[in-house]
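Commentary on secondary and tertiary structure
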Amino acid sequence: MAGDARKDGINTMLAHLGNDPHAFHGFVNPPVVRASTVLFPDAGTMASRNQKYTYGTRGTPTTDALASAMDALEGSAGTIIVPSGLAAVCVPFLAFLSAGDHALIVDSVYYPTRHFANGMLKRLGVEVEYYAPEIGADIARQMKPNTKVVFTEAPGSNTFEMQDIPAIADAAHAGGAVVMMDNTWATPLFFRPLDHGVDVSIQAATKYPAGHSDVLLGTASASKACWERLHEAFVTLGVCVGADDAYQVLRGLRTMGVRLERHQESALAIARWLEERPEVAEVLHPALESHPGHEIWKRDFSGSSGIFSIVLKGGSQREAHAFLDALRIFGLGYSWGGFESLALHVSLGDRTIAKGPDAGPIIRLQIGLEDVDDLKNDIERGLRAAATV
Ligand SMILES: *Cc1c(COP(=O)(O)O)cnc(C)c1O
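Definitions and limits used
Residue numbers run consecutively from 1 along every chain, following the written order of its sequence. Whole-chain, interface and lining totals are the exception, using all residues; otherwise, since this is a predicted model, local features are given only for residues with pLDDT of at least 70 and side-chain atom pairs are given and counted only at 80 or more. Values shown for side chains rest on all heavy atoms present in the structure; no hydrogens or waters enter the calculation. Secondary structure is summarised from DSSP: a helix means a run of H or I of at least four residues, a strand means a run of E of at least two, and numbering begins at the N terminus for each. Computation of the radius of gyration draws on C-alpha atoms alone. For the globule rule, the value is 2.2 Å times the number of residues to the power 0.38. Whether two residues touch is decided by their heavy atoms; if any such pair falls within 4.5 Å, the residues are in contact. Areas reported as accessible are Shrake-Rupley estimates using a 1.4 Å probe. Residue values count occlusion only from the protein chains shown. Under this rule, positive means Lys or Arg and negative means Asp or Glu; His and the chain ends count for nothing. By convention, the point assigned to a charge is CZ for Arg, NZ for Lys, CD for Glu and CG for Asp. Two strands are counted as paired when DSSP detects at least two bridges linking them. Every axis corresponds to a line fitted to the C-alpha atoms, with the helix fit spanning only the stretch in contact, and the corresponding angles, defined between N-to-C directions, vary from 0 to 180 degrees. Any residue with a heavy atom lying within 4 Å of a molecule or strand is counted as near it. Throughout this description, a polar contact denotes any pair of N or O atoms lying within 3.5 Å of each other; where both atoms belong to protein, one of them has to be capable of donating a hydrogen while the other can accept it, and for residues adjacent in sequence the pair is counted only when both atoms sit in side chains. Under the scheme applied, nonpolar residues are Ala, Val, Leu, Ile, Met, Phe, Trp, Tyr, Cys and Pro; charged residues are Asp, Glu, Lys and Arg; polar residues are all the others, including Gly. Take the buried Ala, Val, Leu, Ile, Met, Phe, Trp, Tyr and Cys residues and link them wherever side-chain atoms come within 4.5 Å; each set so joined is a nonpolar core. For every residue, the accessible area obtained with a 1.4 Å probe (protein chains only) is divided by the maximum for its type, and the residue is called buried under 20%, exposed over 50%, and partly exposed between those limits. Segmentation into domains, and thus their bounds, comes from an automatic or database assignment. Buried area, as used here, totals the accessible surface that two parts lose on assembly, with accessibility defined by a 1.4 Å probe and the loss added over both. Whenever Lys or Arg places a side-chain nitrogen within 4 Å of a carboxyl oxygen from Asp or Glu, that contact is recorded as a salt bridge.

Glancing now at the overall build of the chain. Along the chain, the regular secondary structure elements total twelve helices and twelve strands. Its C-alpha atoms give the chain a radius of gyration of 22 Å, near enough to 21 Å, the size a compact globule of 389 residues would have. Projected onto its principal axes, the C-alpha coordinates of the chain cover approximately 75 × 50 × 35 Å. Once local pairs closer than 6 in sequence are excluded, the contacts in the chain between residues at least 24 apart make up 72%. With the model as given, the accessible surface of the chain reaches about 16600 Å², and the carbon-plus-sulfur share is 52%. Put simply, the chain has 33 plus and 45 minus side-chain charges, and the middle of one group is 2 Å from the middle of the other.

The subject of this paragraph is the sheet that holds strand 3 (residues 127-131). Strand order in the open sheet formed by seven strands is 1-7-6-5-4-2-3, and the pairing between neighbours is mixed. Single-partner strands in this sheet number two, and they are strand 1 (78-82) and strand 3. On average, adjacent strands in this sheet sit at an angle of 20° to one another, irrespective of strand direction. Both strand 2 (residues 102-106) and strand 4 (residues 147-153) contribute to a ladder of four bridges, which runs parallel. Residue pairing for strand 4: H102 is matched across the bridge by T147. Here helix 4 (residues 85-96) sits on the sheet in contact with strand 1, strand 2, strand 4, strand 5 (178-182), strand 6 (200-204) and strand 7 (218-222), set at roughly 155° to strand 6.

What follows is about the site of the ligand. Residues in contact with the ligand amount to 13 residues; listed here are only the nearest, G85, L86, D182, T206 and K207. Residue T206 places a side-chain N or O atom 2.5 Å away from an oxygen atom belonging to the ligand. W336 is positioned such that a nitrogen or oxygen atom in its side chain is 3.4 Å from an oxygen atom of the ligand. For the ligand, the accessible surface in isolation is 380 Å², of which the surrounding protein chains cover 90%. Taken together, the residues of the shell around the ligand sort by class into five nonpolar, five polar and three charged.

Looking now at the nonpolar core. Counting 116 residues, the largest nonpolar core has V200, L274, F308, I310, F323 and L365 as the members making the most contacts within it. Sorting elements by how many residues they give to this core places helix 9 (residues 243-275) first, with twelve residues. Both domain 1 (10-252) and domain 2 (256-387) contribute no fewer than three residues apiece to this core. If near-sequence neighbours (up to four positions away) are discounted, F323 is found in contact with I310, I363, L365, I379, G382, L383 and A386.

What follows concerns the domain arrangement of the chain. If you check the domain split of the chain, you get domain 1 (10-252) and domain 2 (256-387). Put simply, the middle of domain 1 and the middle of domain 2, counted by C-alpha atoms, are 27 Å apart. With 39 residues of domain 1 at the interface, the matching set in domain 2 holds 43 residues. Together, W185, F190 and Y208 form the three largest contributors to the area buried by domain 1 at its contact with domain 2, with a combined 26%. Our count for the contact surface shared by domain 1 and domain 2 stands at three salt bridges. We note a salt bridge from R351 to E161, for which the minimum N-O separation is 3.7 Å. Our count for the contact surface shared by domain 1 and domain 2 stands at 22 residue pairs in polar contact (both at pLDDT 80 or more). When contributions to the side of domain 1 that touches domain 2 are tallied by element, the ones reaching two or more residues are helix 1 (10-16), helix 5 (111-123), strand 3 and helix 7 (187-190). Here the element with the most residues in the side of domain 1 that touches domain 2 is helix 7; it accounts for three residues. Per-class residue counts for the side of domain 1 that touches domain 2 are 20 nonpolar, 14 polar and five charged.

This brings us to the pairing of strand 12 (residues 362-366). Burial runs high along strand 12: five of the five residues are buried. Burial along strand 12 is two-sided: I362, R364 and Q366 facing one way and I363 and L365 facing the other are all buried. Relative to strand 12, strand 9 (residues 307-312) runs antiparallel, the two sharing five bridges. Opposite S309, over in strand 12, you have R364 as the bridge partner. Pairing between strand 11 (residues 342-345) and strand 12: four bridges, direction antiparallel. Each bridged residue has a counterpart across the sheet, and for A343 the counterpart in strand 12 is L365.

Quick look at the structure:
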């Protein structure tokens, strides 16, 4: 690794983290080690397993390179690399919950997280309860003696509610719970969960770290106190990743800083422009002064990424579909964090508390790396189509 990572700026870190050229004959990047079997030099070493690598499921120089880069970014003691962002959510739950435990999950959570909690966690005997994203320190009132996990995600999926993470973490710790955060929106570049009291920081590395819509991967990074238990669950479940996928994400990290700067700038320019449009009732973007969670965002976060939502003024699914069908540059598709712009009609049917705005249909926009003027023209086509159905 070049320089002193504690003093280097973020883009300097991103350019070098995880690389140790002189350990690999001087080649800049780590090797892509495709591995199941690892050989031992003799029976004694094999019996004692006393060597750095023992089997492919337990890590390779390629996955270690990515894990060490994530540890430097997150300030964590260890990072597990798993096959998807969803797996990075599920493995920590399985690591820290047992039958009879109670888990508190924010109601604006990523839908597949809710699906896992309501399905598998409940089936395994875990009591699952949802809380309002704005709850802050009042989460103390929802804590029970058996609350073992408080799960946060900020801003919330699709509706972008902010959460007071330090206040929630304090109350959760006072009740003996582990605090997890799905930090996919901000990435550790704009918010470092562990610095704000979170114990396990989760990234869908599929999004900004990968950055090119061509690989699925997840990371979960733990504090010193939580690392052993998280790692044990990872090894127990065998949810390891292929070397090529880990390598692709490490490659993505090199440009994540400059990509995020552009995503941030373009998304903010478009969000501000949309705030002025008469066809738009509301823009749900925490970096806008109009956002109810803006003060928390400003206090805790150092930037914003490329995804936010707009609420159309009136209308229903027909208007939403007219908007989407008129788009030529924005693709209609799931996921985000890639170089290309995407749009979708948000569905909030799963919410029990954070029901979101109801002035009209909600459209989520992922602002890619295209030119802002072209994206505005495209959105304008959508707004015109929605206004004339
Ligand atoms: C996309 C996403 C995930 C899941 O990531 P996958 O790699 O697609 O499984 C988890 N959390 C959030 C907030 C996401 O947006």
